[in-house]
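Residue-level structural notes
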Amino acid sequence: MFFVFSSQIVIAWSNSNSDAQGTRSVELIVGGDFVVTMNDAQPVIKNGAVAIKDGKIIAVDKKDQILASYKADRTLPGEGMVLMPGLVNGHSHSAMVLFRGLADDLALEDWLLNYIFPAEAKFVDENFIRIGEQLACWEMIRGGTTTFVDMYFKPDVASEVVDECGLRAIIAPSSIDFPSPNFQGWDDAFAAAVDFVKRWKGKNPRIIPAIAPHAPYTVSPEHLTQAIEAARQYDVPLTIHLAETKTEVEDVQQRYNATPVQHLENLGFLEPRVFAAHVVWPNESEIALMAKRGIGVIHNPDSNLKLASGFAPIPAMLKAGIKVGLGTDGASSNNDLDMWEAIRLTAFIHKGTTLDPTAVPAKTVLRMATLGGAEALGLADKIGAIKVGLQADLIQVQLSEPHLTPIYDAISHLVYTADAQDVDTVIVDGKVLMHKREMLTLNPDRIRLEATSIAERIDAELRPN
Ligand SMILES: CSC[C@H]1O[C@@H](n2cnc3c(N)ncnc32)[C@H](O)[C@@H]1O
Ligand SMILES: [Zn+2]
């Protein structure tokens, strides 16, 4: 009988009736042949499933058990698939996808100063950001990224696109001491960034505003201090490029008589709300310092290799206890937003540079791409694992392709073999953004057309013949 007086009684009734097929209502049940949770209490569940209500994970168990206990509006059983947390791209400049392939085979300083900054000054406007952000979100959803950090321009436009497509993002309008699109220099760029943070803080649970001074070699010590003070005042994350190249280390050393991480320490800048991209060239004492101060590090192996920046000492950072996540950087230094490639490169290059096959094992890399990234970004109380109470940011990865056959170990396949095209379904906050590889919140054909027409205009201006 259902004449009950509270929902608790309904639950008690349903639990006491072992034959009841799904008696507790949920929005969604998602399953997989392997559920890779990133939760040490139940690391991989064979034939598992997750029940989702109000966008949150409310149960994780064997599929039979979940189906017996919950009645869902929709079930995505995930036969022949892995279910895992969505990937966290901890560093990108999303709309730079429109500069993909524009300037290759250059070292960072040459690439940035002589090609990218001038192209941004010329071409970045609202339409560029809107279409670039849509293209980036399409690519990220297609490849299983559910949260990303966007350090770029026009944050209101970027946030609108993120809101519409359903992804989760930290939107970090960058401030720099030089003129940048729409700004004369630091003062107006930083004022606009702070204004964005004030307006967006707490506004949308999927969009977290942040402060982002570009780097120690492009932002003065006074301005770096302003940046961290604003991040503290508004209680938001702060992200920065740090110790990316040897040239930066020499430059900062010469100007401020300290290496880049130490320079930030001298300014009282380092604290857990800070996460730094790259950190390719820290010395031993700086690694210890970053661990002590609790800052996050985002490793971008594709970009560090392509721009010939070097190999970040990730094994030493992990050993020191630093929160390390993975990122792609912008698509102009990668040249894509594919986290699977970042995963695989991380797993491979550190074995090669240390001559130690255990330097960064598969499970550690997968953790960096999910929970480790969430920790570095300060979001581990919300995302990064399949665990009761966290937001339902999940992906199903198809295992039936030849390169994934046969399967002994799901984590091995995810790290050493799978790629972006194998992602079948993407869910953020319990909402399905892609299913059977079909985009549900973005229009790929229109985005492709508009991106192509922007690129044609850029090409005609840069290469008139
Ligand atoms: C000021 S917004 C962020 C700026 O960082 C630039 N950028 C992109 N990739 C890198 C990188 N790897 N290192 C430093 N700056 C970068 C972008 O082109 C943009 O001008
Ligand atoms: Zn970057």
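Everything that follows concerns the structure shown earlier in this document.
These numbers come from a predicted model, not from an experiment. Throughout this document, residue positions are counted from 1 along each chain, in the order its sequence is written. Chain A is the first chain written and ligand 1 is the first ligand written, with later ones labelled in order. Given that the model is predicted, a residue must reach a pLDDT of at least 70 before its local features are reported, and side-chain atom pairs must reach 80 or more before they are shown or counted; all residues, however, enter totals for whole chains, interfaces and linings. Here the side-chain values reflect all heavy atoms present in the structure, with hydrogen atoms and water set aside.

1. Remarks on the site of ligand 1
If even one non-hydrogen atom of a residue comes within 4 Å of a molecule or strand, that residue is called near it. As a matter of local geometry, ligand 1 sits amid 19 residues, with Glu 120, Ser 174, His 214, Glu 244 and Asp 329 nearest to it. In this structure, His 93 approaches ligand 1 through a side-chain N or O atom, which is 3.4 Å from a nitrogen atom. Residue His 214 places a side-chain N or O atom 2.8 Å away from a nitrogen atom belonging to ligand 1. What sets the accessible areas is the Shrake-Rupley method with a 1.4 Å probe; for residues, cover comes only from the shown protein chains. When ligand 1 sits alone it has 450 Å² of accessible area, and the protein chains cover 100% of it. We call two N or O atoms a polar contact when they sit within 3.5 Å, provided that within protein one can donate a hydrogen and the other can accept it, with sequence-adjacent residues counted only if both atoms are side-chain atoms.

2. Here's the deal with the layout of surface pockets
In this analysis the probe radius is 1.4 Å and the grid spacing 1 Å, with only protein atoms considered; a cavity is a set of points the probe fits into but cannot get out of, a pocket is an open set with protein on both sides within 12 Å along at least five of seven lines, and lining residues have an atom within 4 Å of a point. Grid points are joined across faces, edges and corners, and a volume is the space filled by probe spheres set on the points. One number sums up the size of the largest pocket: a volume of about 370 Å³. Looking at the largest pocket, it is lined by 27 residues, and the ones nearest its centre are Leu 112, Phe 117, Glu 120, Phe 153 and His 214. Helix and strand assignments come from DSSP, with helices taken as H or I runs of at least 4 residues and strands as E runs of at least 2, each series counted from the N terminus. The element best represented in the lining of the largest pocket is helix H3 (residues 108-123), accounting for seven residues. Each residue gets one of three labels, nonpolar for Ala, Val, Leu, Ile, Met, Phe, Trp, Tyr, Cys and Pro, charged for Asp, Glu, Lys and Arg, and polar for the others, Gly among them. Of the residues belonging to the lining of the largest pocket, the class tally is 16 nonpolar, eight polar and three charged. Lining the second largest pocket we find 18 residues, and of these Lys 154, Pro 155, Asp 156, Phe 183 and Ala 192 sit closest to its centre. Of all the elements in the fold, those that place two or more residues in the lining of the second largest pocket are helix H5 (155-165), strand E9 (174-175) and helix H6 (186-200). Among the elements that line the lining of the second largest pocket, the one with the most residues is H6, at six residues.

3. A word on the nonpolar core
As a rule of thumb, soluble globular proteins bury nonpolar side chains together. Met 84, Phe 128, Ile 211, Met 317 and Trp 340 are the most contacted members of the largest nonpolar core, which totals 119 residues. The element that contributes the greatest number of residues to this core is helix H4 (residues 126-142), accounting for nine residues. Note on contacts: a residue pair qualifies if any of its non-hydrogen atoms lie within 4.5 Å across the two residues. Each residue touching Phe 128, except ones within four places of it in the same chain, is listed here: Ala 95, Leu 98, Phe 99, Phe 123, Glu 133, Tyr 152, Ile 454 and Ile 458. What we call a nonpolar core is a set of buried Ala, Val, Leu, Ile, Met, Phe, Trp, Tyr and Cys residues that are connected through their side-chain atoms within 4.5 Å. Exposure is judged per residue with a 1.4 Å probe applied to protein chains only, and the accessible area is read against the type maximum: over 50% gives exposed, under 20% gives buried, and values in between give partly exposed.

4. Comments concerning the environment of Asn 114
Mapped onto the secondary structure, Asn 114 falls in helix H3. Residue classification places Asn 114 among the exposed residues on the basis of a relative accessible area of 51%. Looking at Asn 114, its side chain comes within polar contact range of the side chain of Asp 110, at 2.7 Å.

5. Let's talk about the packing of helix H13 (residues 339-354) against helix H14 (residues 362-376)
Contact pair H13 / H14: the axes reach a minimum separation of 9 Å and the direction vectors enclose 145°. Relative to H14, the crossing made by H13 is right-handed. Along the contact surface, H13 presents Met 339, Ile 343, Thr 346 and Ala 347, while H14 presents Val 365, Leu 366, Met 368 and Ala 369. For helices, the fitted line uses only the C-alpha atoms of the stretch in contact; every axis is such a line through C-alpha atoms, and the angle between N-to-C directions lies from 0 to 180 degrees. Note on convention: near helix rotated counterclockwise from far helix by under a right angle means a left-handed crossing. Clockwise means right-handed.

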